[in-house]
Amino acid sequence: MKVISSLQFTFISIFLLLSTKVFTITPYVFGYAGKDSIWSMSFGALIDLAILVLVIVIMQKNKEITFFELLKKSFGTIIAKILLCFLFVFILLKALFLYQETHSFFLQILFDEFPLLLYVIPVLFITGYFAVKGIDTIARSIEIFAIFVLIGVIICASTAVNDANFNYLLPFFEDGIGPSLDGLWAQMFYRGNPIILLCFMGKVEFKKHFNVKFILSNFILLLMLLGTALLFYMVYGPSARYVEFALADLPQYDPFVSDLGRFNWLSVVVCTFALFLTSSVFLYCLALIGRWILGLKRSIIPIGISLTMVIILALINQFSLPLMMERIANEWLWINASVLFLYVLLSFGLLIFRRKNE
Amino acid sequence: MNKALKYKIVVWFIIGFLLIFLPSAVTTPSQIQTKSIVLGIGIDKSDSEMLEVSAQIIIPQQSTNYSPKNLIASAEGNSLIDAIFNIEAEIGQRLGLAHCYVIILGDEICSENIPEILDFFIRSNIMGNNSSLVHTSGKAKKLLETSAQLSASDVNNLQNITKYNRKNNIAADTSFIDLFNEYLSPAPFSLVASISVDESESSSSESSSEGSSGDSSSSSSSATNSPSSTVLKNDGSAVVFKKGKKLLTLNKDQVIKFNWLETKTQRGLLTIEHFTNNILNDVNITLKQISKSINFNAKIVNNTPILKLNIALETTLDVIENPEGDLYTIHYNYFDNAFRNAVQNKVKQDIADALSISKINNFDIMNIYNIFNTSNHQEWKKFLSTLENPENYMERVEIEVNTSIVDRK
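Residues numbered from 1 in each chain as written. Chains lettered and ligands numbered in written order. Predicted model: local features only at pLDDT ≥ 70, side-chain atom pairs only at ≥ 80, totals over all residues. Heavy atoms only, no water.

Some points on the overall build of chain B
Right, on to step 1. A count of helices and strands for chain B gives twelve helices and 16 strands.
Right, on to step 2. Long-range pairs, those at least 24 residues apart, make up 70% of the contacts in chain B with a sequence separation of at least 6. (Helix = DSSP H or I, 4+ residues; strand = E, 2+ residues; numbered from the N terminus. Contact = heavy atoms within 4.5 Å.)

Written as structure tokens, this is what we have:
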């Protein structure tokens, strides 16, 4: 049953945190919080960290059973399946957004014209194939590529250090805390990825002092992401609202870098490895939840259902990132924030329930 | 058995994928046939009061040298995108702006709101954010045409002129995203380099004037195709934009005075004229500025904003000459307290002049608003509230300068 090591689990968690945080979220938050965006991002990172701690505590307390078994034991089969349906929607929307973000990223960075089918078919096939192969394959791949992805993020961000101007962020809280809270609420669709880690319950081989190492490494990653966001806001200033992909645009802006040759290929590497593998994780989790809900033993059918839903939802949004961002702001933000809130309550409930049983 | 079947599914998928996409990949025309490579964009106001956009386009050709063939295409439109569509219709290709390194603004268009005109570029992400912004006193199209005549290997082509001197001239390093940043800031002032087309035949004298003017940031850079043809002239002058519209033009001597307050401008020449000490008598001493660091200390005392500047210079001797232009071949020990005082006075005078120009014309390209707003936010707000017209804050600003200089032999 234990199919992934604690190191692989840590890297999966890091990829989940990284996936939706490096490209669109940073300029998106700026549209709400302005120059207080870095505070919004910090509050958001704290929320992620708190959820991460909550999830890891639940996982440690229930090492031998899966999340579905835990829910069944606690609430009964029907309620457990209903709760899983919510989680399915939560992950599906995130997966869809990730696919769309990757498509738009390639469209902007690599190609001026990029036939949609040429993206959709191979990408869905590759991520679907990874998901079919199972979490051990995905985890091993993530373990191999993680270090390159992290180095890529650092290099992409650090090339623009020369152009950073801290004054763009000052004075702090000029209009009070309101804009920061607006920015915090706006990013709630992007936050809460650690909840997805509950799907790996019962599959991780925990080692000694794992909790501390796990939380510390995720904390360092969140700091790194905050550093990237900080640099982005300091480089772009008030123009940050016009940028679509933060990490991809940072190496473009620096004249020094553009004189020598752009570092965009690094952001392409980050995108290809991180986003594709994270999409595979999402798809695997969707398949797992689908299997739990439908009572199936194989993943093919739930993966097929998930991919079909992804395509339908993408078609509804005309495969357009701006349209999808608008839908996120108006509808999906509420859906995901509600599921997140529900699952945080649920997690506390599970902990209290267990304590009472003990 | 199952494994073999899965493997076969993958193989069949790859075969199917190739069968579907390979024909389209082979038959689709190459992007170079459908998309042009634009090096520069010029924006003018046409006679019919519309927007006239010109594009310097590379025509790919087999060649043994590095001189691409250029084409200038232009079209009118009600907006930027409208004009671009018209150019595309004219040349039969889409405009590829990823390599566009310069946006040139004709003088007439500068009376319009430039960020509003350029809005399409910044939102569409089809152009790099660091494309330089350049003003020209005539038509932008003319400047592009002159630039297109120059070979890519010519050191004085437009690309080099717009990119050179980044550390010397504050106006030379304004990208179009900088214009937006400044436009959106509380003090919406920008300084944009002005490059003109000089149709005189004195190209050689222009290019040889560098260095003799006494300051590298004010030197002329020129480029010629032939001795009698037009030249590109970057004499260090610049245009001040207020809220996206042209406010006034500063000449090179005025621009270099503002360089003292800019942290990015590191290099330059500093000339102390008519210097006399125990050894030297009435000589002009020119120093090369190697580096410069500035510390700001902003305070509001008795409702007067006082900006204290500590400027640390690292210099090396360039030349000592008497007013007649005779060079001193032996380097006398010129670096004494009298010389330090002379440098301090020179810097003080330049900054006083810069402040005076700013006060007279009521602009703030020294970013004084932001310095006070970020460091003394509450006091600054209070100070502004006491003014009859808060936009006239420059009138009350005072600057105290302390200069230290280190000579590197």
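Considerations on the pairing of strand β12 (residues 245-250) of chain B
Residues and elements named next belong to chain B.
Right, on to step 1. Pairing of strand β11 (residues 238-242) with β12 involves five bridges; the strand directions are antiparallel. By the bridge assignment, A238 is partnered in β12 with L250.
Right, on to step 2. Here β11 folds back onto β12, and the loop between the two strands holds two residues, one of which, K243, carries a positive phi near 50 degrees. (Pairing = 2+ DSSP bridges.)

Examining the packing of aromatic side chains
Residues and elements named next belong to chain A.
Right, on to step 1. Taken as a whole and assessed by the stated rule, the structure comprises 34 aromatic pairs over all chains.
Right, on to step 2. Between F232 and Y233, the aromatic rings sit 5.6 Å apart at their centres with planes inclined by 65 degrees, giving edge-to-face as the arrangement. The pair formed by F232 and Y233 is uniform in burial state, with each residue classed as buried.
Right, on to step 3. An aromatic cluster of three or more residues is present, and its members are F9, F200, F206, F210, F214 and Y284.
Right, on to step 4. Of note, K94 hangs over the ring of F189, and the distance from its end group to the ring centre comes to 5.6 Å. (Phe/Tyr/Trp six-rings, centres within 6.5 Å; stacked < 30°, edge-to-face > 60°. Buried < 20%, exposed > 50% of the residue type's maximum accessible area, 1.4 Å probe, protein only. Lys NZ or Arg CZ within 6 Å of the ring centre and 35° of its normal.)

Describing the packing of helix α2 (residues 25-33) of chain A against helix α8 (residues 178-186) of chain A
All names here are of chain A.
Right, on to step 1. Between α2 and α8, the shortest axis-to-axis distance is 7 Å and the interhelical angle comes to 140 degrees. The orientation of α2 with respect to α8, classified from their angle, is oblique. Here α2 and α8 pass one another in a crossing that is right-handed. Across the interface between the two elements, Y28, V29, Y32 and A33 from α2 touch P179, S180, D182, G183 and A186 from α8.
Right, on to step 2. A class-by-class count of the residues in the contact of α2 with α8 yields six nonpolar, two polar and one charged. (Axes fitted to C-alpha atoms, helices over the stretch in contact; angles between N-to-C directions. Parallel < 35°, antiparallel > 145°, perpendicular 65-115°, else oblique. Left-handed = near helix turned anticlockwise from the far one by under 90°. Nonpolar A, V, L, I, M, F, W, Y, C, P; charged D, E, K, R; others polar.)

With respect to the sheet that holds strand β16 (residues 398-407) of chain B
Residues and elements named next belong to chain B.
Right, on to step 1. One open sheet accounts for four strands, arranged β13-β14-β15-β16; its pairing is mixed. At either margin of the open sheet sits one strand with a lone partner, and together these are β13 (268-275) and β16. Strand-to-strand twist across the sheet, computed as the mean angle between neighbouring axes with direction ignored, equals 40 degrees.
Right, on to step 2. Bridge analysis of strand β14 (residues 283-301) against strand β15 (residues 304-321) gives 17 bridges, and the strand direction is antiparallel. Counterpart to N284 in the pairing with β15 is E321.

Some remarks on helix α9 (residues 210-236) of chain A
Right, on to step 1. Between its terminal C-alpha atoms α9(A) stretches 39 Å, which fits the 39 Å expected from 27 residues at 1.5 Å a residue.
Right, on to step 2. A positive phi of about 55 degrees marks G237(A), the residue just after α9(A). (Expected span 1.5 Å × (residues − 1).)

Details of the environment of K142(B)
Residue and element names in this part refer to chain B.
Right, on to step 1. By the element assignment, K142 lies in helix α5 (residues 140-149).
Right, on to step 2. Residues K142 and A312 lie 170 residues apart in sequence; the distance between their C-alpha atoms is 42 Å.
Right, on to step 3. In this view, K142 contacts V197, E199 and T230; residues no more than four positions away in its chain are not counted.

So, the interface of chain B and chain A
Right, on to step 1. On the side of chain A, 30 residues touch chain B, which itself brings 26 residues to the contact.
Right, on to step 2. Approximately 2,700 Å² of surface area, both sides summed, lies buried where chain B meets chain A, with 54% of it carried by carbon and sulfur atoms.
Right, on to step 3. Counting across the interface, chain B meets chain A through one salt bridge.
Right, on to step 4. A salt bridge links E174(A) to K381(B); the shortest N-O distance between them is 3.7 Å. (Buried area = accessible area lost by both parts, 1.4 Å probe. Salt bridge = Lys/Arg side-chain N within 4 Å of Asp/Glu carboxyl O.)

As for the pairing of β16(B)
All names here are of chain B.
Right, on to step 1. Of the two faces of β16, the one lined by I399, V401, T403, I405 and D407 is fully buried and the one lined by E398, E400, N402, S404 and V406 carries no buried residue.
Right, on to step 2. Pairing of β15 with β16, which is carried by ten bridges, proceeds in the parallel orientation. Note that in β16 the partner of K308 across the bridge is E400.

Things to note about a nonpolar patch on the surface
Right, on to step 1. Where nonpolar side chains cluster on the molecular surface, the patch consists of L294(A), L296(A), I300(A), I301(A), I305(A) and M309(A) and spans about 500 Å² of accessible area.
Right, on to step 2. Residue placement: L294(A) occurs in helix α12 (residues 264-294). (Patch = residues over 30% accessible without salt bridge, like charges linked within 9 Å, V, L, I, M, F, W, Y side chains within 5 Å. Areas by Shrake-Rupley, 256 points an atom, 1.4 Å probe, with all protein chains shown as cover.)

Some thoughts on the pattern of salt bridges
Where side chains of opposite charge bring their charged atoms close, a pairing between them can arise.
Right, on to step 1. Overall, the coordinates contain 13 salt bridges over all chains when judged by the stated rule.
Right, on to step 2. Here R191(A) ties to D48(A) by a salt bridge, and the two come within 3.0 Å at their closest N and O atoms. Here D48(A) lies in helix α3 (residues 37-61) and R191(A) lies in the loop between α8 and β2 (204-205), a separation of 143 residues in the sequence.
Right, on to step 3. You can call R191(A) buried: its relative accessible area is 3%.
Right, on to step 4. Beyond isolated ion pairs, a larger network of salt bridges with shared partners links K257(B), K346(B), D350(B) and D353(B).

Focus: the nonpolar core
Right, on to step 1. Ranked by internal contacts, the top residues of the largest apolar core, which has 172 residues, are F67(A) and F200(A).
Right, on to step 2. Setting aside residues no more than four positions away along its own chain, F200(A) makes contact with I4(A), F9(A), I12(A), M59(A), I135(A), V281(A), Y284(A) and C285(A).
Right, on to step 3. A187(B), L309(B), V347(B) and I405(B) belong to the second largest nonpolar core, which has 53 residues in total. (Core = buried A, V, L, I, M, F, W, Y, C linked by side-chain atoms within 4.5 Å.)

Describing the side chain of N193(A)
Right, on to step 1. With respect to the helices and strands, N193(A) occurs in the loop between α8 and β2.
Right, on to step 2. The contact partners of N193(A), leaving out residues within four places of it in the chain, are L16(A), S19(A), T20(A), K21(A), D48(A), K94(A) and F282(A).

Some remarks on α8(A)
Right, on to step 1. P179(A), S180(A), G183(A), L184(A) and A186(A) are the residues of α8(A) that are buried. Seen along its axis, α8(A) keeps its buried residues to an arc of 165 degrees; they face one direction. (Arc of directions from axis to C-beta.)

Observations regarding the packing of α2(A) against α9(A)
Residues and elements named next belong to chain A.
Right, on to step 1. Between α2 and α9, whose axes approach to 10 Å, the crossing angle comes to 60 degrees. Judged by the angle between their axes, α2 and α9 are oblique. Here α2 and α9 pass one another in a crossing that is right-handed. On the side of α2, the interface is formed by T26, P27, V29 and F30, while α9 contributes A229, F232 and Y233.
Right, on to step 2. Residues belonging to the contact of α2 with α9 are distributed by class as follows: six nonpolar, one polar and no charged.

Concerning the confidence of the model for chain B
Residue and element names in this part refer to chain B.
Right, on to step 1. In the predicted model, chain B carries a mean pLDDT of 79, and 81% of its residues have values of at least 70.
Right, on to step 2. For the stretch residues 202-227, pLDDT sits under 50, and the model shows 60 contacts to residues farther than four places along the chain or on other chains.
Right, on to step 3. For this predicted complex, the interface confidence score (ipTM) comes to 0.76, while the overall pTM stands at 0.82. (pLDDT = per-residue confidence, 0-100.)

A short note on unusual backbone geometry
Right, on to step 1. Put simply, L170(A) and P171(A) share a cis peptide bond, and its omega is -10 degrees.
Right, on to step 2. With respect to the helices and strands, the residue P171(A) is situated in the loop between α7 (135-158) and α8.
Right, on to step 3. Backbone geometry places K243(B), a non-glycine residue, at a positive phi of 50 degrees.
Right, on to step 4. Inspection of the secondary structure assignment puts K243(B) in the loop between β11 and β12.
Right, on to step 5. According to the relative accessible area criterion, K243(B) is partly exposed, its value standing at 40%.
Right, on to step 6. Even without a glycine there, the phi angle at N367(B) is positive, about 65 degrees.

Considering the environment of G92(B)
All names here are of chain B.
Right, on to step 1. Following the sequence through the fold, G92 ends up in the loop between α3 (80-91) and β4 (94-96).
Right, on to step 2. With a relative accessible area of 58%, G92 lands in the exposed category.
Right, on to step 3. Remark: the alpha-carbon pair of G92 and D82, spanning ten residues in sequence, is separated by 15 Å.

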